[in-house]
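# Tertiary structure, described
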Amino acid sequence: MPFGKVTLNDGREIPEIAFGTGSVWKRQDATPFVAQALQSGFVHVDTAQAYQNEESIPAALKETNMSRDKVWITTKYWKGGPYGSLGIRNELLKSLERLQTSSVDLYLIHGPEGLGDTIANSWEQFEAVAQEGLAKSIGVSNFTKPDLEELMSSAKLTPAVNQIQLNPYTLAQQQPVIDLCRKHGIVIEAYSPLRLITRYPGGPVDEPVRKAAERLNATPVQVLLAWVRSKGAVVVTTSSKAERLQEYLAAGDLPPLTNEEIAAIDEAGRQGPVALESRGLTKGFENTGVIITFQPDPLISGRVSRFGTDSWARSSKSLLLVVLLLVFVCLRRTSVSL
Ligand SMILES: NC(=O)c1ccc[n+]([C@@H]2O[C@H](COP(=O)([O-])OP(=O)(O)OC[C@H]3O[C@@H](n4cnc5c(N)ncnc54)[C@H](OP(=O)(O)O)[C@@H]3O)[C@@H](O)[C@H]2O)c1
């Protein structure tokens, strides 16, 4: 069945595969790549305030002559470092300005650590922006089972989605939150579905994926996307290459994986690395010879964006200079008084 739409608990329909402007595109102009994705057939773009390239989306719409209402746009709120100091509603207004739209299709809490407030207070503000029509649907990202339980204890609106890192190596760790989401009708969005190709090649999942790919006359990438679909999740991926975008979309035309294939991939995934890098929870390896390279959360490293300098990095440097100056003045005074 080709990639279609998944119905959310608020009745809206989200396209089943998204092109992301995070990961490799963070703090870079992603316009040509978003345009390429739209031209290839993607109608769902996943971005975030913290990626610092929301402007790429209206630019790509313009480049491809596509109208805003044909494309699902998700963006995310994060408070931390240089981001989010204006509060949820004002930060969303800023995102809308950058996205050149009056509302987003989906607004997500980027992660529970990126709130600077309680989950309950923050979610109340998310509910308010949904009520105001600034976000048509609202949801969360990187929420664990306890985070979601905390939110649900005071929520009036149930989150429409929980966007989490989901691939065979994270399944075991994510299973409790996946089960809770299923109970509340919260759709899972799977980001970084291709981690075992991009970061952990040579691990235990490779073999069952290869076998399924052989049976289906498909590529391992396509089998991984079919595996995400078997979990009922929306795919959130990306690529710089037109042929790879076609490969992703063609995965929608594959017959489903068999129960045996899914079980073999799940089981092999349990033998591999637990890789929730976005929350700093990477645990290394159990029973494998795969080599992991842990990357610290890129959200909190300061760099220069095409769309403006990273003021947080600049202010940190200024603070350091002031401290050094003060130390110098104190030392001089001490030596003079001596
Ligand atoms: N909510 C969150 O906290 C969060 C965190 C991370 C990501 N995300 C979202 O998810 C999106 C996708 O994340 P991701 O990049 O980690 O997804 P991914 O689907 O796991 O990886 C995509 C990458 O795989 C590469 N790739 C595909 N096929 C390959 C092959 N056969 N061999 C080697 N490389 C291959 C692509 O590179 P090429 O360009 O060479 O094709 C591309 O850069 C992000 O852009 C962002 O929107 C959200």
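What you see is a predicted model; the values in this text were computed from it and never measured. (Residues numbered from 1 in each chain as written. Predicted model: local features only at pLDDT ≥ 70, side-chain atom pairs only at ≥ 80, totals over all residues.)

## Notes on the overall build of the protein chain
- Scanning the protein chain for helices and strands turns up 12 helices and 10 strands.
- Counting only residues that meet the buried cut, the protein chain has 43% of its 338 residues in that class. (Helix = DSSP H or I, 4+ residues; strand = E, 2+ residues; numbered from the N terminus. Buried ≥ 20, exposed ≤ 12 C-beta atoms within 10 Å, placed from the backbone.)

## Topic: the site of the ligand
- The ligand sits among 26 residues. The nearest are Gly 20, Gly 22, Ser 23, Thr 237 and Ser 239.
- Mapped by element, the contributors of at least two residues to the shell around the ligand are α7 (195–198) and β10 (234–237).
- Broken down by element, the residue count for the shell around the ligand peaks at three residues, all from α7.
- Residue composition of the shell around the ligand, grouped by class: seven nonpolar, 15 polar and four charged. (Near = placed C-beta within 6 Å. Nonpolar A, V, L, I, M, F, W, Y, C, P; charged D, E, K, R; others polar.)

## A few points about the sheet that holds strand β4 (residues 44–46)
- The eight strands are arranged β3-β4-β5-β6-β7-β8-β9-β10 in a closed barrel whose pairing can be described as parallel. Averaged over all neighbouring strand pairs, the angle between strand axes comes to 30 degrees, with direction disregarded.
- Summarising the sheet, strand β3 (residues 17–20) and β4 pair through two bridges and their orientation is parallel. The partner of Gly 20 across the bridge, within β4, is Asp 46. (Pairing = 2+ DSSP bridges. Axes fitted to C-alpha atoms, helices over the stretch in contact; angles between N-to-C directions.)

## A short note on the pairing of β3
- Residues of β3 alternate between two faces, with Ile 17 and Phe 19 on one and Ala 18 and Gly 20 on the opposite face, all of them buried.
- Here three bridges tie β3 to β10, and the two strands are oriented parallel to one another. Counted as the bridge partner of Phe 19 is Thr 237 from β10.
- With helix α1 (residues 31–40) bridging β3 and its parallel neighbour β4, the resulting β-α-β unit is right-handed. (Right-handed = clockwise from strand over helix to strand, strands pointing away.)

## Structural notes on the environment of Glu 267
- Considering the arrangement of structural elements, one finds Glu 267 in helix α11 (residues 259–270).
- Sequence separation of Glu 267 and Pro 208 is 59 residues, and the distance between their C-alpha atoms is 9.6 Å.

## Describing the nonpolar core
- Core analysis: the biggest nonpolar cluster contains 82 residues, and Val 34, Tyr 107 and Ala 190 have the highest contact counts within it.
- Considering each element in turn, this core owes the most residues, seven residues, to helix α9 (residues 220–230). (Core = buried A, V, L, I, M, F, W, Y, C linked by C-beta atoms within 7 Å.)

## Observations regarding the pairing of strand β9 (residues 187–191)
- The buried fraction of β9 amounts to five of the five residues, a majority that puts the element mostly inside the structure.
- Alternating positions in β9 separate into two faces, Val 187, Glu 189 and Tyr 191 on one and Ile 188 and Ala 190 on the other, with burial throughout.
- Strand direction decides the pairing type here: strand β8 (residues 161–165) and β9, joined by five bridges, are parallel. What sits directly across from Val 161, in β9, is Val 187.
- As paired strands, β9 and β10 are joined by three bridges and run parallel to one another. From the neighbouring strand, Glu 189 faces β10, where its bridge partner is Val 234.

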